[in-house]
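The residues making up each chain are set out below.
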Amino acid sequence: MNAVAITCFIAIVLLSLAITWWAARHTKGTSDFYAAGGNITSLQNGLALAGDALSAGAFLGLTGLIFTSGFDGYIYAIGYSTGMPIVVFLLAERLRRLGKFTFSDVVSLNLEETPMRIFGAVASLVVIAFYLIAQLAGAGALIELLFGISFKAAVALVGVLMICYVMFGGMMATTWVQIVKACLMLVGGAVIAGLVLQRFGFDISAILKTAAQTHPKGTGVLAPVAASHAPFSALSLALALMFGTAGLPHILMRFFTVPDARAARNSVVWGTAFISTFYAATAIFGFGAIVILAGDPSAIGADGKVLGGVNMVAIHLSRILGGNVMLGLVSAVAFATILAVVAGLTLAGASAVSHDLYARVVLKGHVDDQRELKISRIATVVLGLLAIALGIAFEGQNVAYMISLAFAIACSSTFPVLLLSIYWRGLTTRGAIAGGSAGLLAALVLTVLGPSMWVKVFGFAAPMVSLDPPTLISMPLAFLTCWLVSRADRQGLGAGRMPAAAA
């Protein structure tokens, strides 16, 4: 057990609990709980957006993917980086003008409220579940490696802390934990990148050349080999990573925390700058790790595999470069990363249950703030326990890959409905629900039948569907179904738009 790592962990936990205690004193109603009262500045929200996006997948998972696959792994970083500018141009300002707290608030504005909120809540919870699995799986592997406790106990520890942050502090606590975490991650990433570059005389070409000489794939580690062998899967992955960001419920909620539309736009610009900077550094982490970890028995086992799993490449790299001090600091940053992201995800899930389903569907808006807050906190506990169970069930999965599945589901369900509800006046309620449901079900079914689940989880010899992820099918299907059903509705009604309770 690493005394420095334990000390850093305790410091991170105490700091986040102090933030939660402070936020709880300022959380009086639903506006504070869901949107921090709309008082977050654009720079603060940009850092919080970076805190949401720079998850365990960005730090642990991406470094591991580049270590094992080279440039094929770095494609994930490129895709994540392009997602935020799309959000800027298509959604940020309009969401802030139209929305209140959640994705469902926007899509139900000009459509029938009850069915749209039910769809929005279900789709949001499915996306959140996949994202939470990835975060908790990474957290369990990290704590198991450092402290020697079981994976199940490690996941449970993170889950309990997550429940505390959201249940008591709401969006205010979640935002400030994300801001602190983003600052720590950017500084930590700069230090690791600097140490790697120092090893190679600050010559990036030397890192790439030596990595190609060391890696079993040879020069293939510097080229998109998998993309050339499976171009349709590569295109499908690119679509998921580019457009998935615009459908993630915990990202969309961030636009309601700022005072106006201009601040929403500026916050995404800040967030994009921070995120892109860190993703550029992951190339240095991953390719440097190929060389630095090679043959090191403290990082690579006798079977040639990374000790603790491929998600721990960044942690081993930090220890080799900076000893126990750097290991402790980087582990604490990774832990803070996971805590911040799972808190944001859990808050988005709790708001879908309490605000969209309970307050607006069951009670038709006839509910006071305190009662809705109580339901939010109950939902937080239930979602937290479910997330712990799912995190344990998916032990060993690469976190960056699991996140890409969440992106694929988001861009096939929530994103098409959100985009069309904002930009196309011809969208009808039946069209939105049919299209969003078709995309959601297609993404889920094709993912189960694809290589990631059918082969790696269920153990079959070959997948029934080779496309992985299935975005190339599921996202166009969602848009096409929305259009076809809406057109049929309009022709049947002889009107331009479906009657809506909110219209």
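Quick look at the structure, then. Predicted model, so just to flag it, every value in this text is computed and none were measured. (Residues numbered from 1 in each chain as written. Predicted model: local features only at pLDDT ≥ 70, side-chain atom pairs only at ≥ 80, totals over all residues. Heavy atoms only, no water.)

1. Points about the packing of aromatic side chains
Moving on, step 1. Under the counting rule described, the total for this entry stands at seven aromatic pairs.
Moving on, step 2. Between Trp-22 and Trp-176, the ring centres sit 6.4 Å apart and the planes meet at 85°, which makes this aromatic pair edge-to-face. Of the two residues, Trp-22 is situated in helix α1 (residues 3-26) and Trp-176 in helix α8 (residues 151-199); the sequence distance between them amounts to 154 residues.
Moving on, step 3. Note on Phe-278 and Phe-285: the rings are 5.9 Å apart at their centroids and 70° apart in plane angle, and the pair reads as edge-to-face. (Phe/Tyr/Trp six-rings, centres within 6.5 Å; stacked < 30°, edge-to-face > 60°. Helix = DSSP H or I, 4+ residues; strand = E, 2+ residues; numbered from the N terminus.)

2. As for unusual backbone geometry
Moving on, step 1. Cis geometry is adopted by the peptide bond preceding Pro-469, which originates at Asp-468 and carries an omega value of 0°.
Moving on, step 2. Looking at where Pro-469 falls in the secondary structure, it is placed in the loop between α19 (451-455) and α20 (471-493).
Moving on, step 3. Unlike most non-glycine residues, Phe-202 shows phi in positive territory, near 55°.

3. Let's talk about the side chain of Ser-233
Moving on, step 1. Relative to the helices and strands, Ser-233 is located in helix α11 (residues 231-244).
Moving on, step 2. Residue contacts for Ser-233: discarding those within four places in its chain leaves Ser-466, Leu-467, Asp-468 and Pro-469. (Contact = heavy atoms within 4.5 Å.)

4. Topic: the pattern of salt bridges
Moving on, step 1. Within the structure shown, the criterion is met by six salt bridges.
Moving on, step 2. Between Asp-72 and Lys-217 there is a salt bridge; the shortest N-O distance is 3.5 Å. Placement of the pair is Asp-72 in helix α5 (residues 71-98) and Lys-217 in the loop between α9 (204-214) and α10 (225-229), with a sequence separation of 145 residues.
Moving on, step 3. A relative accessible area of 34% means that Lys-217 is categorised as partly exposed.
Moving on, step 4. Through salt bridges that share partners, Asp-105, Glu-113, Arg-117, Asp-356 and Arg-360 make up one connected network. (Salt bridge = Lys/Arg side-chain N within 4 Å of Asp/Glu carboxyl O. Buried < 20%, exposed > 50% of the residue type's maximum accessible area, 1.4 Å probe, protein only.)

5. Comments concerning the nonpolar core
Moving on, step 1. The biggest cluster of nonpolar side chains holds 160 residues, and the ones touching the most others in it are Phe-59 and Phe-335.
Moving on, step 2. Among the elements that take part in this core, helix α14 (residues 313-362) stands out by supplying 21 residues, more than any other.
Moving on, step 3. Setting aside its immediate chain neighbours within four residues, Phe-335 contacts Phe-9, Ile-12, Val-13, Leu-142, Ile-143, Val-158 and Leu-161.
Moving on, step 4. Counting five residues, the second-largest nonpolar core is a separate cluster that includes Leu-446, Leu-449, Trp-454 and Val-465. (Core = buried A, V, L, I, M, F, W, Y, C linked by side-chain atoms within 4.5 Å.)

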